[in-house]
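# A look at the structure
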Amino acid sequence: MKINAVSHGALRILMICGDGEAVTLPEMASRLGMPEARVTRSCNALARAGLLVGRRGRGGGYRLGRPAARISVLSVIDLFEPEDDMRVCGRSDTKACQNCPLAGACAEAYRAMRDELAAISVADILIDHARPQAALNA
């Protein structure tokens, strides 16, 4: 599996916003090594989905819109990527694929991957400096 650059960037944005401190767009771009325009587009999409909350002005920036433990990696990927059914042969005759053992195996692997990504939260992947202190002392 390979996620696109926009999904990867969005996940990294959420990872650095996990400490509860507001992070500005220029700071995010600098810390993540991403163009500010891409950070802005990603933050806007994440905010529309309720995953980030932004505040303008002094002391402003972006924070998580809900606890990191309640944001699954899969929900972020689904926000930025079209669902891929992993058809391996590329045939347009989907009826023939319904009985193909390879197609069935790939479909099962795809479901397992999605289940695993749904079970991983942003809290599980927070960058160390963004981990809540309680998690560090556990």
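With an unreviewed UniProt entry as reference, the protein is termed Rrf2 family transcriptional regulator, source organism uncultured Pleomorphomonas sp.

With that settled, the discussion passes to the overall build of the protein. Per the secondary structure count, the protein includes seven helices and two strands. Its helices and strands taken in sequence order, the protein reads α-α-α-β-β-α-α-α-α from the N to the C terminus. Residue burial in the protein is summarised as follows: out of 138 residues, 33% are buried. Contacts in the protein between residues far apart in sequence, at least 24 positions, make up 64% of those at least 6 positions apart.

Quick look at the pairing of strand E1 (residues 52-55) now. The sheet contact formed by E1 and strand E2 (residues 61-64) spans four bridges and is antiparallel. Along E2, the bridge assignment pairs Val53 with Arg63. In sequence, E1 turns back onto E2 through a hairpin of five residues, with Gly57 there showing a positive phi of about 90°.

What follows deals with helix H6 (residues 101-119). With 19 residues, H6 should cover 27 Å at 1.5 Å per step; its first-to-last C-alpha distance of 27 Å lies within 8% of that length. Of the positions making up H6, those classed as buried are Cys106, Tyr110, Arg114 and Leu117. For H6, the angular spread of the buried residues around the axis is 75°, confining them to a single face. Exposed side of H6, more than 90 degrees from the buried face: Pro101, Asp115 and Ala119 are the residues found there. Lining the buried residues of H6 we find helix H4 (73-80).

Right, let's get into the side chain of Ser121. As for its placement among the helices and strands, Ser121 is situated in the loop between H6 and helix H7 (133-137). The buried category is assigned to Ser121, whose relative accessible area is 9%. Engagement of the side chain of Ser121 in a polar contact is seen with the backbone nitrogen of Ala123, the distance being 3.2 Å. With near-sequence residues (within four places) excluded, Ser121 lies in contact with Ala68, Ala69, Ile71, Ser72 and Val73.

The subject of this paragraph is the pattern of salt bridges. Side-chain pairs of opposite charge can arise where the charged atoms are in close proximity. Summed over all chains, the structure comprises three salt bridges. A salt bridge links Arg31 to Glu27; its shortest N-O distance comes to 3.0 Å. Of this pair, Arg31 and Glu27 are both found in helix H2 (residues 25-32), four residues apart, which corresponds to roughly one turn of the helix. Overall, Arg31 belongs to the partly exposed group, its relative accessible area being 35%. For Glu108, the salt bridge identified is with Arg111, shortest N-O distance 3.0 Å. Pair noted here: Glu108 and Arg111 are both in helix H6, with a separation of three residues, about one helical turn.

Basis of the calculations
- Residues numbered from 1 in each chain as written.
- Predicted model: local features only at pLDDT ≥ 70, side-chain atom pairs only at ≥ 80, totals over all residues.
- Heavy atoms only, no water.
- Helix = DSSP H or I, 4+ residues; strand = E, 2+ residues; numbered from the N terminus.
- Buried < 20%, exposed > 50% of the residue type's maximum accessible area, 1.4 Å probe, protein only.
- Contact = heavy atoms within 4.5 Å.
- Pairing = 2+ DSSP bridges.
- Expected span 1.5 Å × (residues − 1).
- Arc of directions from axis to C-beta.
- Polar contact = N/O pair within 3.5 Å; in protein donor to acceptor, adjacent residues only side chain to side chain.
- Salt bridge = Lys/Arg side-chain N within 4 Å of Asp/Glu carboxyl O.

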